[in-house]
Amino acid sequence: MKLSSKIFLGMFIPSIVIIIAIVSMLIKSNFNNELDLVRDKSVQEYKNIIENFENNVTEDVTYYTLVSNYKNFFKEKKIYFEYYIDGESSLNSGELTLKNKDLLDVKDNKYNLLIENHDGIHYVFISYKLEEDVLVYYKEIESVYDNYQQNINLSVTLVIILSILLLFVSYVISKLITIPLSNMTKEMEKISNKDYNIELKEGNDEIGVVAKKFNEMSKKIEENENELLKYIESKQMFIDNLAHEMNTPLTSIKGYAEALEKFDLSEEKKVKYLTYIQSESDRISDMYKKLLFLSYKSNVDFEVQDVSIDKVIGIIKDDLKERLDTHNTKLVVDNKCDNFKGDEIMFVMAISNLIKNALNNSDKGTKVYVNTYDKENKLYIEVVDEGIGISKENISKILEPFYRVDKNRSRKNGGAGLGLALVLRIMELHKGELKIESEEGKGSKFILIFNKD
Ligand code: ADP
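Residues numbered from 1 in each chain as written. Predicted model: local features only at pLDDT ≥ 70, side-chain atom pairs only at ≥ 80, totals over all residues. Heavy atoms only, no water.

Participant: I'd like a rundown of the nonpolar core, residues and numbers included.
Facilitator: Judged by nonpolar contacts, the single largest core of 47 residues is most densely connected at F340, I351, I355, I381, F446, L448 and F450. The dominant element in this core, judged by the number of residues it contributes, is helix α7 (residues 344-360), at 9 residues. Leaving out residues up to four positions away in the same chain, I381 has contacts with I309, F340, I351, V370, N371, T372, F446, I447, L448 and F450. Judged by nonpolar contacts, the second largest core, of 24 residues, contains I126, Y137, V144 and Y145. (Core = buried A, V, L, I, M, F, W, Y, C linked by side-chain atoms within 4.5 Å. Buried < 20%, exposed > 50% of the residue type's maximum accessible area, 1.4 Å probe, protein only. Helix = DSSP H or I, 4+ residues; strand = E, 2+ residues; numbered from the N terminus. Contact = heavy atoms within 4.5 Å.)

As structure tokens, this is what we get:
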């Protein structure tokens, strides 16, 4: 059953039942009151008559004589008497005879009362004992029943009018409640068709609040879906780039290996080709290590240790000595910090990647600076070069995996565009920041910022 029908019936049926119950109760109680009033009035009237009879009765004038004399007088007032002697009706001023003779069984000074229906007309019968006889007073009281019937007819009309009104009100209210819900359902269908352009009317009542939440939810779904699409896109780009980056060195290796196998090459060429094969293999191996780190190590918790920055720089100097010498580059270290908290291997990886980048993107004979210092509860490691610099547009992109400003330059140095993505990941794991400041033609500064704790 539809919600609107449930609300409609839920309002209409109980309301109409309550109205009918109240109206019936009122009519019934009104009728009972009227009936009581007529009874009391009749008894009082009969008492007065009896009192009069008692005052006028003598030895010569019996009750029977009095009733007989006055019967016509009372008949004009629509009051009738039936006189019973020894249980037998001896005198009757009206046309009716008491049906229920139990009424004759009346005690001294008591009034017995009964209502009887004679041919559809109601009469009140009251009996009273006069010495050994019983005098029954009776009178038509149909007006009370007529009133009752009139009230019933009036109430039926009233209930019908109220029902029509209630039908209308219940219908309007059920629609008012369910229209926003139907709108919501329609809007929800839009969501399943990926249309998030939803503007439900908000308000302070329950439905208005649901509409507000619904609007917020659809916006969130849209945001999440966009994020997911971006993520899928970036993953796809990552896979495409990876395939491409793997394919290039593999094709070279295959080419050189085939040449070595098929052609009779000079010793010099053989050494050259083997060196190419080795450097291309190193490239794949380097890429493999970085990718492995990005995909596995990034999800693993590491133990935070006190790392001596002197030690880290010493390791890096040893590792890069050959490259620094070949490049004729001086590494100028200004270390104002003792220890860092974190993972030593990751620190070595991050800083040496930044120094390698500085070398790869600077002319021979320039200097590379490594400065460490602490400021405002934070520790800083800067790697500064006097190289080619990076344009503003590229600064935001170079952190993406496989992105390289100058592909040829990067390839020549064995890079695949993964170094900075790796540094960024390491900084994320250390809950630190990576900042880049650069000016084209002047040089770049890569700043690693850690919280002291
Ligand atoms: P790559 O393996 O190519 O060095 P990275 O992720 O380390 O990959 O760097 C991405 C790109 O950012 C590099 O290809 C280079 O174009 C640019 N880049 C990185 N460091 C520097 C730097 N110190 N000076 C100028 N350009 C840089």
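Participant: If you had to explain the pattern of salt bridges to someone new, which residues and values would you point to?
Facilitator: The full count for this structure, using the stated rule, is 18 salt bridges. Residue E223 pairs with K220 through a salt bridge whose shortest N-O separation is 3.2 Å. On the criterion of helical spacing, the pair formed by E223 and K220 is a turn pair, its members being 3 residues apart in helix α4 (residues 206-262). With relative accessibility at 43%, the residue E223 sits in the partly exposed group. The salt bridge partner of E439 is K442, with a shortest N-O separation of 3.8 Å. Overall, the relative accessible area of 58% leaves K442 in the exposed class. (Salt bridge = Lys/Arg side-chain N within 4 Å of Asp/Glu carboxyl O.)

Participant: I'd like a rundown of the pairing of strand β3 (residues 111-118), residues and numbers included.
Facilitator: Looking along a regular strand, one sees side chains alternate from face to face of the sheet. Pairing of β3 with strand β4 (residues 121-130) involves 8 bridges; the strand directions are antiparallel. Paired with N112 across the bridge in β4 is S127. As consecutive antiparallel partners, β3 and β4 are separated by 2 residues, and within that stretch D119 has a phi angle of approximately 55°, a positive value. (Pairing = 2+ DSSP bridges.)

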